[in-house]
Amino acid sequence: MLAISEPAVRASFVNCTQGEAKRLAIPNDLDLRPWADLDFLGWRDPAATQRAYLVAETDGGLVGVALRVAAQQTGRARRSMCSLCLTTHTGDGVALMSARKAGPGGRQGNSVGAYICSDLGCSLYLRGKKDAGRRIDETITLDEKIERTTGHLAAFLRRVTE
Ligand SMILES: [Zn+2]
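Nothing here was measured: the structure is a model prediction, and the numbers come from that model.

Q: Break down the nonpolar core for me, citing the residues and quoting the values.
A: Within the largest apolar cluster, 28 residues are counted, with the highest numbers of intra-cluster contacts made by Leu-54, Leu-67 and Ile-116. Broken down by secondary-structure element, the contributors of at least two residues to this core are β2 (48-58), β3 (61-69), β6 (94-100), β7 (111-117), α4 (122-126) and α5 (142-161). Here this core takes five residues from α5, the largest share from any one element. Aside from chain neighbours lying at most four places away, what touches Ile-116 is Leu-54, Cys-82, Leu-84, Gly-93, Val-94, Ala-95, Met-97 and Cys-122. Judged by nonpolar contacts, the second largest core, of 17 residues, contains Met-1, Val-9, Cys-16 and Ile-26.

So this is what it looks like as structure tokens:
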């Protein structure tokens, strides 16, 4: 994706109030993010680890969603798979994240959940720039994996915004 600025990030959020969007913690190293290798921008709030954020380019422009990270089940060496990039992690590498729906649905308390890489590093796992341990050998190309991931992400964002 192309680099985006802090004001553009703040303006992209569809499922929080303007006040929340103004206050939420944006990474202070936006200039240094590996934009060329990112299919979306995702981050955790370092001061409030149950908060995560995701911003992606869609047909309708930039869409940002605020996510709440469910408490992790710890103490078990379980494997789980990210529903966006299909990377398999052990332990806490995948977290259940829920997004309040945009608009009236959100005001009624409806939300949409998905299992996502805990560090929202899907783009980098796909490209082998981050290691999740054992890799599943797949016969499809990187471009196909990226397309699949952005497809899953677009479907998730549609569920949040519809
Ligand atoms: Zn992922």
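Q: Before we move on, can you summarise the packing of aromatic side chains with the specific residues and values?
A: As enumerated under the stated definition, the model contains three aromatic pairs in all. Ring plane angle 85° and centroid distance 6.5 Å describe the contact between Phe-13 and Trp-43, whose orientation is recorded as edge-to-face. Of the two residues, Phe-13 is situated in the loop between α1 (6-11) and α2 (18-23) and Trp-43 in strand β1 (residues 41-45); the sequence distance between them amounts to 30 residues. Look at Trp-43 and you get buried, because its relative accessible area is 4%.

Q: Tell me what's going on with α5, and back it up with residues and numbers.
A: Here α5 contains 20 residues, and its C-alpha end-to-end distance of 28 Å stays within 8% of the 28 Å for a straight helix at 1.5 Å per residue. Within the sequence span of α5, burial applies to Lys-145, Ile-146, Thr-149, Leu-153, Phe-156, Leu-157 and Val-160. Take α5 and look down its axis: the buried residues cluster within an arc of 105°, on one side only. Every exposed residue of α5 that faces more than 90 degrees away from the buried side is listed here: Asp-143, Glu-147 and Arg-158. Buried residues in α5 make contact with β2, β3, β6, β7 and α4.

Q: So what about the coordination of the zinc ion? Which residues, and what values?
A: On the protein side, the zinc ion has Cys-82 (SG), Cys-85 (SG), Cys-117 (SG) and Cys-122 (SG) as donor atoms, found 2.2 to 2.3 Å from it. Each of the four donor atoms around the zinc ion contributes to a set of angles spanning 103 to 116°, which defines the coordination as tetrahedral. Mapping the donors of the zinc ion onto the primary sequence yields the spacing C-x2-C-x31-C-x4-C. Of this pair, Cys-82 sits in the loop between β4 (79-81) and β5 (88-90) while Cys-122 sits in helix α4; the two residues are 40 residues apart in sequence, bridging distant segments of the chain. The class of Cys-82 is buried, set by a relative accessible area of 0%.

Q: Give me unusual backbone geometry: which residues, what numbers.
A: Unlike most non-glycine residues, Leu-86 shows phi in positive territory, near 65°. Here Leu-86 lies in the loop between β4 and β5. Overall, Leu-86 belongs to the partly exposed group, its relative accessible area being 27%. Backbone geometry places Leu-120, a non-glycine residue, at a positive phi of 55°. Structurally, Leu-120 can be placed in the loop between β7 and α4.

Conventions adopted
- Residues numbered from 1 in each chain as written.
- Predicted model: local features only at pLDDT ≥ 70, side-chain atom pairs only at ≥ 80, totals over all residues.
- Heavy atoms only, no water.
- Core = buried A, V, L, I, M, F, W, Y, C linked by side-chain atoms within 4.5 Å.
- Buried < 20%, exposed > 50% of the residue type's maximum accessible area, 1.4 Å probe, protein only.
- Helix = DSSP H or I, 4+ residues; strand = E, 2+ residues; numbered from the N terminus.
- Contact = heavy atoms within 4.5 Å.
- Phe/Tyr/Trp six-rings, centres within 6.5 Å; stacked < 30°, edge-to-face > 60°.
- Expected span 1.5 Å × (residues − 1).
- Arc of directions from axis to C-beta.
- Donors = N, O, S within 2.8 Å, 3.2 Å for Na, K, Ca; no water.
- Tetrahedral: all angles 85-135°; square planar, octahedral: opposite > 155°, others 65-115°.

Any functional reading would require information beyond the geometric quantities listed.
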